[in-house]
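# Commentary on secondary and tertiary structure
The lines below spell out each chain.
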Amino acid sequence: MWLIDSTLRDGEQAPGVAFLPGEKIRLAQMLDETGIDEIEAGTPAMGESECEVVRRIVALRPNARISVWSRALGRDIGQAAETSAEAIHIAFPVSDIQLTAMGKEWSWVKDTLPELVTYASGLFPYVSIGAQDAGRCTPERLAEFLELAGRQPSVCRIRLADTVGMMTPLSVVALMRQVREILPEMAIDFHGHNDLGMATANAITAWQSGATALSVTVNGLGERAGNAALEEILMILSQVYRMEKYTASTLFSLCRYVADISGRPIPPGKPVCGEMAFSHESGIHAKAMLTDAAAFQAFDGKLVGRESFRTLFGKHSGRGAVRDLLKAYHLTVSDEQIPRLMGQIRQSAQKNKRSVSPLEVFVMQNNIAFQNACEKDKMIK
């Protein structure tokens, strides 16, 4: 497995997202701490400021390989070489719709690819080329592209891009089968977009089917609906396939940092980093979690730098979870008080359309205890 993080390139291409130079440097450092194999640090053709940031990232001497992205233009490749990045990725349109949109003919790809690869190989140790919109390319066209790429000795990897997220896991399997029949030894990178919500599933399926690298972004940040999410891919590799290559303990802080600098809040239900990803309200779930944290979670939240799990209180809470909460703080609730307390919790949750915090439960319990004490005092008098 070789993970390529493209948050600094494809992630920043998301509408309205613009990272400051210092933020890019810090993000590159955080990505390197997770053990990411390659950081796609930017698009040099955007200008000197972009090139300077890439140079500063390279100067950090990270463990990750630093690569840059380029259009299939000689001047862009030349400008990219000024960044001192180790690797370059050159994207070629392969579907009819992409070729037409760019005003190109298929013959242009066939004529240009060998020339540009030769040029780039004189400037970079590693040259990757991409089949842009491979998911909507005809099998015949794709086969021709793969055979052409395979004849270039300096190409170290080919990227298959599901540019508009139209593929499904089964179509990914078929794609990889075709690729491996033509190029059984070539390193293959799958770059999936999330327009139909399948980017992570498609990426994992590509790897299961023969891809050797996956392109990802933190929080799935990217154009339109984004890309395959780094944190999801990394935890699938860790928990499903028991791969210990990457460091997960800083994932939560990494995801929050990218959310902050991108201005894109993390949805509460987002896997791994969403606020509710390790939260439980259902009485059955909450009780089981106290016995075994794996009962209703794929993994312990501590693995990604969060709490193991947390119990929230609301309409679906059970008495046991409420008793356990109070007991943990050395508070008690009598059998006659618990129905009133449960009623107040459920009423508050429905009225305010949110969970009830532990502090609010404490206040409710104290109020009920105080009311009971007053009622007893009146009876005595």
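Now for a look at the structure at hand. If you're wondering where the values come from, they're calculated on a predicted model, not measured in any experiment.

Time to look at the overall build of the protein. Each helix and strand in the protein was counted, giving 15 helices and 10 strands. In terms of overall dimensions, the protein has a C-alpha envelope of 100 × 40 × 35 Å along the principal axes. Every one of the 381 residues in the protein was classed for burial, and the buried ones make up 51%. Restricting to contacts in the protein with at least 6 residues of sequence separation, those with at least 24 account for 71%. Working note: accessible area of the protein is about 17,600 Å², and carbon and sulfur atoms make up 54% of it.

Attention now moves to the environment of Gly263. Relative to the elements of secondary structure, Gly263 occurs in the loop between α11 (251–262) and β9 (279–280). By relative accessible area, which is 55% here, Gly263 ends up exposed. C-alpha separation for the pair Gly263 and Phe19, spaced 244 residues apart in sequence, amounts to 9.8 Å.

Two faces make up the sheet, and in a regular strand the side chains alternate between them. Counting buried residues in strand β3 (residues 65–71) gives six out of seven residues, a clear majority hidden from the surface. Here strand β2 (residues 38–40) runs beside β3; their pairing, made up of three bridges, is parallel. Residue pairing across strands places Glu38 opposite Arg65, the latter belonging to β3. Considered for its hand, the β-α-β crossover made up of β2, helix α3 (residues 48–59) and β3 is right-handed. For the handedness criterion, the β-α-β arrangement of β3, helix α4 (residues 74–81) and strand β4 (residues 87–93) is classed as right-handed.

Attention shifts here to the side chain of Thr200. Assignment of secondary structure puts Thr200 in helix α9 (residues 199–208). Ignoring any residue separated from it by four or fewer positions in sequence, one finds Thr200 in contact with Ala228, Ala229, Glu232, Ile233 and Ile236.

It is worth spelling out the pattern of salt bridges at this point. Under the defined criterion, the tally for this structure stands at 21 salt bridges. One salt bridge connects Glu12 with Lys24, and the closest N-O pair in it is separated by 3.1 Å. Here Glu12, found in the loop between α1 (7–11) and α2 (21–33), pairs with Lys24, found in helix α2; they are 12 residues apart in sequence, far enough to count as distant. Accessibility assignment for this pair places Glu12 and Lys24 in one class, buried.

Moving on to helix α7 (residues 139–150). End to end, α7 covers 16 Å across 12 residues, agreeing with the expected 16 Å (1.5 Å per residue, within 8%). Listed in full, the buried residues belonging to α7 are Arg141, Leu142, Ala143, Phe145, Leu146, Leu148 and Ala149. Buried positions along α7 lie against β4, α5 (96–101), α6 (106–121), β5 (126–132), β6 (155–162) and α8 (169–182).

The next thing to look at is the environment of Val356. Mapped onto the secondary structure, Val356 falls in the loop between α14 (338–352) and α15 (358–380). Among the residues examined, Val356 registers a relative accessible area of 1% and is labelled buried. Ignoring anything within four residues of it in the chain, the contact list for Val356 reads Phe313, Ile345, Ser348, Ala349, Val361 and Met364.

Moving on to the environment of Pro169. Structurally, Pro169 can be placed in helix α8. Given the relative accessible area of 28%, Pro169 is considered partly exposed. Each C-alpha atom, one on Pro169 and one on Thr205, is 5.9 Å from the other, the two residues being 36 residues apart in sequence. Leaving out residues up to four positions away in the same chain, Pro169 has contacts with Met198, Ala201, Asn202 and Thr205.

Sheet strands line up and pair through hydrogen bonds in the backbone, either parallel or antiparallel. One closed barrel holds the eight strands; their spatial order is β1-β2-β3-β4-β5-β6-β7-β8, and the pairing between them is parallel. Recorded for the sheet is a direction-independent mean angle of 25 degrees between the axes of neighbouring strands. One ladder, built from six bridges, connects β6 with strand β7 (residues 187–192); its direction is parallel. Across the sheet, residue Ala161 finds its bridge partner in β7, namely His191. Sitting on the sheet, α4 touches β3 and β4, and the angle it makes with β3 is about 155 degrees. Strand contacts of α6: β4, β5 and β6, with the helix running at about 175 degrees to β4, the strand carrying the most contacts.

Right, let's get into helix α13 (residues 319–328). Of all the positions in α13, only Ala321, Val322, Leu325 and Leu326 are classed as buried. Relative to the axis of α13, the buried residues are bounded by an arc of 130 degrees and lie together on one face. Across from the buried face of α13, at angles greater than 90 degrees, the exposed residues are Lys327 and Ala328.

Before going further, it helps to examine the pairing of β4. Counting buried positions along β4 yields seven of seven residues, so the element is predominantly enclosed. Side chains of β4 alternate between two faces, with Ala87, His89, Ala91 and Pro93 and Ile88, Ile90 and Phe92 buried alike. In terms of strand pairing, β3 meets β4 through five bridges, oriented parallel. Opposite Arg71, over in β4, you have Ala91 as the bridge partner.

Definitions and limits used
- Every chain's residues receive numbers from 1 upward, in the order its sequence appears when written.
- Local features in this predicted model are restricted to residues of pLDDT 70 or higher, and side-chain atom pairs are both shown and tallied only at a pLDDT of 80 or more, whereas totals for entire chains, interfaces and linings draw on every residue.
- The basis for the side-chain values is all heavy atoms of the structure; hydrogens and waters are excluded.
- Where helices and strands are cited, they refer to DSSP runs of H or I of at least four residues and of E of at least two residues respectively, numbered from the N terminus.
- Burial classes follow relative accessibility: with a 1.4 Å probe on protein chains only, a residue under 20% of its type's maximum area counts as buried, one over 50% as exposed, and anything between as partly exposed.
- In this description, contact between two residues means that some pair of their heavy atoms is separated by no more than 4.5 Å.
- Accessible surface is estimated by sampling points in the Shrake-Rupley manner with a 1.4 Å probe; for residues, cover comes only from the protein chains shown.
- Paired strands, as defined in this entry, are two strands with at least two bridges between them according to DSSP.
- Looking down the strands as they point away from you, a crossover is right-handed if its path from the first strand over the helix to the second goes clockwise.
- What makes a salt bridge here is a side-chain nitrogen of Lys or Arg within 4 Å of a carboxyl oxygen of Asp or Glu, nothing more.
- Multiply 1.5 Å by the residue count of a helix minus one, and that product is the helix's expected span.
- All axes are obtained by fitting lines to C-alpha atoms, using only the stretch in contact for helices, and the reported angles, taken between N-to-C directions, cover 0 to 180 degrees.
- By definition, the arc is the one covered by directions from the helix axis to the C-beta atoms.

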